[in-house]
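Understanding the architecture of this molecule
Residues per chain, in single letters:
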Amino acid sequence: MYGIKRLAIKIGSNVLTRADGTLDLTRMSSLVDQIAQLHRNGLEIILISSGAVASGRNEIKVKGRLDDVSARQLYAAVGQAKLMNRYYDFFKEHGIACGQVLTTKESLGTRRHYLNQKNCVGVMLENKVIPIMNENDTIAVTELMFTDNDELSGMIAAMMDAEALIILSNIDGIYNGSPGDSEAEIIREIDLSNDITDYIQTGKSTFGRGGMLTKYRIARKVAGEGIEVIIANGKTEAILPRLLEKNPDVLCSRFIPAPKVSGIKKWIAHSDSFAKGEIHINADAAKALSDEKATSLLPIGIVAVKGAFEKDDIVRIYDNKLRQIGLGKVSYNSVNARELIGKKGNKPVIHYDYLYLE
Ligand code: GLU
């Protein structure tokens with residue numbers, strides 16, 4: 001009916017909370033009604049919902065002072081339970097079962113854990129259960145946290161081979177100027193060949209961690225993997241069905257997707273924080289890789305190998321201007337890769353199938 005089968009929807013904290021920080025149950029119920037309608041029409045939906053920390057904040061009066069980490073853990077523990085209770089009841093009114101999936105960046109780090117997580121969400125979808133995902137904020141407190149739930153949603157959309165990702169926040173899309181400026185307009189379609197980072201406001205949202213710049217970066221990356229990404233306002237009436245029906249009156253920014261990439265490449269694309277080493281290449285190799293043809297990275301194009309890694313680890317790839325141009329899964333450990341630097345006639349250090357270029 002909508003031309004797609006599987007959709008990931010991210011709902012930001014600012015959509016679900018009122019100005020005073022309390023949970024906006026009217027909004028939540030309306031979004032659940034919309035999702036239920038899409039579900040009845042045969043769409044498989046994966047929901048990534050923020051709002052745990054925001055909805056826990058008003059539940060408890062803390063005695064004395066809490067450090068930031070403890071406060072986040074406490075509010076998330078209480079708030080996530082509250083959030084899921086509400087979702088559970090709202091979906092139940094439609095006769096739809098939903099389930100909670102909490103994750104951490106670390107638990108998506110190895111291919112085995114990643115596939116395990118994918119299987120969990122897959123089995124829920126097969127059984128018509130709506131997965132409601134969030135970062136496990138009670139334990140994700142280190143530098144290995146997701147930047148925000150926009151990053152998580154991009155990773156999940158890629159992991160589950162969703163055809164589209166809708167990111168709902170409290171603004172209508174990406175403006176070609178400051179949203180407060182009366183001349184500024186929403187950029188309706190964003191083509192990946194145009195980088196519009198300069199237009200983007202760097203302010204952060206009130207209750208969530210994210211901001212427009214991270215949304216834009218994630219949206220570009222995910223669209224680059226062949227998934228359509230739409231940024232829209234979750235407070236707009238009937239936003240979800242209207243977006244899917246491509247109603248021209250509804251404001252949003254759509255990122256035109258690149259051709260689809262394979263599942264393994266999508267995993268590699270989101271594995272930057274697990275990279276174990278670096279491979280530096282010369283200008284000729286960088287040029288060969290950037291050509292349209294499927295090209296693997298051969299030892300002859302390598303000028304340096306940094307760090308210690310094992311075969312099958314993820315490494316970052318740098319060009320001759322020291323720009324990171326991509327990531328890949330290596331076919332040699334770092335000792336062997338170093339021995340082969342500049343040599344001819346060996347198998348690729350990174351095969352094309354395991355190479356992701358940004
Ligand atoms: N996981 C956080 C929460 O549920 C939100 C993170 C974000 O704002 O992106 O409160």
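Residues numbered from 1 in each chain as written. Predicted model: local features only at pLDDT ≥ 70, side-chain atom pairs only at ≥ 80, totals over all residues. Heavy atoms only, no water.

1. Section: the overall build of the chain
Each helix and strand counted, the chain has 11 helices and 13 strands in total. Over its C-alpha atoms the chain spans a radius of gyration of 22 Å, differing by no more than 12% from the 21 Å that the globule rule assigns to 358 residues. Considered along the principal axes of its C-alpha atoms, the chain spans approximately 65 × 50 × 45 Å. Split into buried and exposed, the 358 residues of the chain put 52% on the buried side. When contacts within the chain are restricted to residue pairs at least 6 apart in sequence, long-range pairs at least 24 apart make up 72% of them. In the form shown here, the chain has an accessible surface area of approximately 16600 Å², with 49% of it arising from carbon and sulfur atoms. Charge separation in the chain, taken as the distance between the mean sites of 46 positive and 44 negative side-chain charges, equals 4 Å. (Helix = DSSP H or I, 4+ residues; strand = E, 2+ residues; numbered from the N terminus. Rg over C-alpha atoms; globule rule 2.2 N^0.38 Å. Buried < 20%, exposed > 50% of the residue type's maximum accessible area, 1.4 Å probe, protein only. Contact = heavy atoms within 4.5 Å. Areas by Shrake-Rupley, 256 points an atom, 1.4 Å probe, with all protein chains shown as cover. Lys, Arg positive; Asp, Glu negative; His and termini not counted. Charge placed at Lys NZ, Arg CZ, Asp CG, Glu CD.)

2. Description of the pattern of salt bridges
In this structure the tally under the stated criterion is 14 salt bridges. The salt bridge partner of Asp-150 is Lys-215, with a shortest N-O separation of 3.2 Å. Placement of the pair is Asp-150 in helix α6 (residues 149-159) and Lys-215 in helix α7 (residues 212-224), with a sequence separation of 65 residues. Both residues of the pair, Asp-150 and Lys-215, belong to the buried class. (Salt bridge = Lys/Arg side-chain N within 4 Å of Asp/Glu carboxyl O.)

3. Concerning the pairing of strand β9 (residues 277-281)
Within β9, four of the five residues are buried, which leaves the element mostly enclosed by the surrounding structure. For β9 and strand β11 (residues 314-318), the ladder comprises four bridges, and the chain directions are parallel. In the strand pairing of β11, His-280 is matched with Tyr-318. Bridging between β9 and strand β10 (residues 302-306) involves four bridges; their strand directions are antiparallel. Following the sheet pairing, Glu-278 is matched in β10 by Lys-306. (Pairing = 2+ DSSP bridges.)

4. Describing the pairing of strand β2 (residues 44-49)
Burial analysis of β2 places five of its six residues in the buried class, the great majority of the element. Across six bridges, the pairing between strand β1 (residues 6-11) and β2 is parallel. Within β2, the residue paired with Ile-9 across the bridge is Leu-47. In terms of strand pairing, β2 meets strand β4 (residues 130-135) through two bridges, oriented parallel. Bridging from a neighbouring strand, Leu-47 pairs with Ile-132 of β4.

5. A look at the sheet that holds strand β3 (residues 98-103)
If you walk across this open sheet you meet the eight strands as β3-β4-β2-β1-β5-β7-β8-β6, and the pairing is mixed. The open sheet is flanked by β3 and β6 (189-190), the only strands paired with a single partner. Against the sheet, helix α5 (residues 111-126) makes contact with β1, β2, β3 and β4, and its axis sits at roughly 170° relative to β3, the strand it touches most. Lying on the sheet, α6 is in contact with β1, β2, β3, β4 and β5 (164-169); it crosses β2 at an angle near 160°. (Axes fitted to C-alpha atoms, helices over the stretch in contact; angles between N-to-C directions.)

Everything listed here is a matter of geometry and, on its own, says nothing about what the molecule does.
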